[in-house]
Amino acid sequence: MEYDEKLALFRQTRLNPFDRGEEEDGPQGGKTPPLHEARPELFPGTRTHSSDRTMDLGLAEDHFSRPMGSIVAPDIEQLKMAIEECKKLILELPEHSERQKDTVVKLIHLRLKLQELKDPEEDEPNLRILLEHRFTKEKSKSVKQTCDKCSAIIWGLIQTWYTCTGCYYCCHSKCMNLITKPCVKSKVSHQSAYELSICPEIGLDRQDYRCAECRTPISLRGVPTEARQCDYTGQYYCSTCHWNDTAIVPARVIHNWEFESRKVCRSSMRYLTLMISRPVLKLKEINPLLFNFVEELVEIRKLRQDILLMKPYFITCKEAMEARLLLQLQERQHFVENDDMYSLQDLIDISSGRLSCSLTEIHTTFAKHIKLDCERCQAKGFVCELCKEGDILFPFDSHTSVCYDCSAVFHRDCYYDNSTTCPRCARMTERKQDEEPVVRVA
């Protein structure tokens, strides 16, 4: 915290701390010295004044050193008297002087020490549950945050603040009782679906010229509060609920293959952040024509289909299970479950080219294990029964075709040039007919 900020904070709030703090660096970058080592001109002691002056200031004891064994805490009244003396001295010293800076730092430490003696944690629980939010008390003092409720800065050094473990909603302790928005994570759990219409605006008049979240009066002219539109929901919000955050909108990606970030409100921002890795987009039903215009999607779909064909080999292979090959796709678990569900992060990575590179590398590793490294997997290959020539075939080879009925594998040219039925299907049909019992007519 810079000196100007500390001084402004002192004058506006009288430095009433709400939380415990650690020792802070002094103005010169080192640790703040104990008060009994302070300069005589700042805190006069027994050498220049009477012993009563020392007792009034409460500086005869080192308030900032770490406890060593069992010691008696300084009297709270003495600390209060020392704080009042520091406050008077700050106002008397020249503006921006080194002496004033040192005094501000020492005043902050005295305040923190007083708060420690009062034990504020008895009044501020570590966990609070409100509107499905699970708020945990934050202990970080140096991270600069902004309260999602009042939009003010959270001064972690002297204020208590909480963060929701589900949606990462941050707020002051004093603002918690004013929260009206439920946790976004509960919406993700109960309704894992995107709004697939592009900016479904209903009009500010339909909102009664009020914020869609907090119902504050708003208008497009900014009187009394500016109306800001969320590109995801299409609704209008006040400046407290809409901070002009930007995010990629799923509807624009699916319909227009557009990845430009748009302005969204705070609740939509948190919802899109939690949903970005969830595979809830079934492209062949939402927009099947997208595969005709985006070549990368066709490539990714083929790689995913091949991986699904490789999966039975790994499940029945002891070496593959020990090597945990399928765990290479643990961040995209849906890739080993189906080939038609996508997450928004998948589409973003497809557009940037990152997914194609990583998935091609994994595909190569899987194919190498089956075709070269593992004898058990090689033994599960196929021989083309139409030409009876060539190497061992696998269903994920690029030059092969698979029978949809019996899953037999053939050379692609042989399969499409063959005018007869699949030899394996013919054998299975013939065997089935032989096993059927003969019905005798009496």
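For the structure itself, consult the block above.
Every chain's residues receive numbers from 1 upward, in the order its sequence appears when written. Reporting of local features is limited, given that this is a predicted model, to residues whose pLDDT is at least 70; pairs of side-chain atoms are given and counted only at 80 or more, and all residues count toward the totals for whole chains, interfaces and linings. Computation of side-chain values: all heavy atoms of the structure, hydrogens and water removed.

> Help me understand unusual backbone geometry in this model?
A negative phi angle characterises most non-glycine residues, just as the trans form characterises most peptide bonds. In this structure, the amide linkage connecting valine 223 to the following residue, proline 224, adopts the cis form with an omega of 0°. Helix numbering and strand numbering both begin at the N terminus, where a helix is a DSSP run of H or I of at least 4 residues and a strand a DSSP run of E of at least 2. Following the sequence through the fold, proline 224 ends up in the loop between helix 5 (184–190) and strand 7 (228–229). Of note, tyrosine 168 is a non-glycine position whose phi angle comes to about 65°, a positive value. Within the element layout of this structure, tyrosine 168 appears in the loop between strand 5 (161–164) and strand 6 (170–172).

> Looking at this model, I keep getting lost on helix 13 (residues 354–373). Mind explaining?
Structural remark: α-helix, 3.6 residues per turn; residues separated by three or four positions point the same way. With 20 residues, helix 13 extends 27 Å from end C-alpha to end C-alpha; this agrees with the ideal 28 Å at 1.5 Å per step. Here, residues are in contact when the closest pair of their heavy atoms is within 4.5 Å. Looking at the packing, one finds that the buried side of helix 13 touches helix 10 (295–315), helix 11 (318–323), helix 12 (344–352) and helix 14 (375–378). In a helix, the anticipated span is given by 1.5 Å times the number of residues less one.

> When you look at the sheet that holds strand 2 (residues 133–137) in this model, what are you seeing that I'm missing?
Strand pairing in a sheet takes place through backbone hydrogen bonds and is either antiparallel or parallel in direction. The strand order across the open sheet formed by 4 strands is 1-2-5-6, and the pairing between neighbours is antiparallel. Two strands bound the open sheet, and with one partner strand each, they are strand 1 (127–130) and strand 6. Mean inter-strand twist for the sheet, computed between neighbouring axes without regard to direction, equals 30°. Paired strands, as defined in this entry, are two strands with at least two bridges between them according to DSSP. Here the axes come from fitting lines to C-alpha atoms, over the contacting stretch only for helices, and the angles between their N-to-C directions go from 0 to 180 degrees.

> Sorry, what's going on with the pairing of strand 1 here?
Successive residues of a regular strand alternate their side chains across the two faces of the sheet. Pairing between strand 1 and strand 2: 4 bridges, direction antiparallel. For isoleucine 129, the partnering residue across the bridge sits in strand 2 and is arginine 134. Hairpin connection from strand 1 to strand 2: 2 residues lie between these consecutive antiparallel strands, with leucine 131 at a positive phi of about 50°.

> Any chance you could explain the packing of helix 10 against helix 13 here in plain terms?
Relative placement of two packed helices is described by the angle separating their axes and the distance separating the axes. Two elements in contact, helix 10 and helix 13, have axes separated by 10 Å at closest approach and are oriented at 30°. Classified by the interaxial angle, the pair formed by helix 10 and helix 13 is roughly parallel. Helix 13 is crossed by helix 10, and the crossing has left-handed handedness. Contacts between helix 10 and helix 13 pair Glu299, Ile300, Leu303, Arg304, Asp306, Ile307, Met310, Tyr313 and Phe314 from the former with Leu355, Ser356, Leu359, Thr360, His363, Phe366, Ala367, His369 and Ile370 from the latter. Residues are sorted three ways: Asp, Glu, Lys and Arg are charged, Ala, Val, Leu, Ile, Met, Phe, Trp, Tyr, Cys and Pro are nonpolar, and all the rest, Gly among them, are polar. When its residues are assigned to classes, the contact of helix 10 with helix 13 shows 11 nonpolar, 4 polar and 3 charged. Roughly parallel means an angle under 35 degrees; roughly antiparallel means over 145; roughly perpendicular covers 65 to 115; every other angle is labelled oblique. By the definition used in this description, the sense in which the near helix is turned from the far one sets the handedness, with an anticlockwise turn below a right angle giving left-handed and a clockwise turn giving right-handed.

> Would you take a moment to explain the environment of lysine 139 for this structure?
Secondary-structure assignment places lysine 139 in the loop between strand 2 and strand 3 (145–146). A relative accessible area of 69% means that lysine 139 is categorised as exposed. Sequence-wise, lysine 139 and threonine 160 are 21 residues apart; in three dimensions their C-alpha atoms are separated by 8.5 Å. A simple rule labels every residue: compare its accessible area, found with a 1.4 Å probe on the protein chains alone, to the largest value its type can have, and call it buried under 20%, exposed over 50%, or partly exposed in between.

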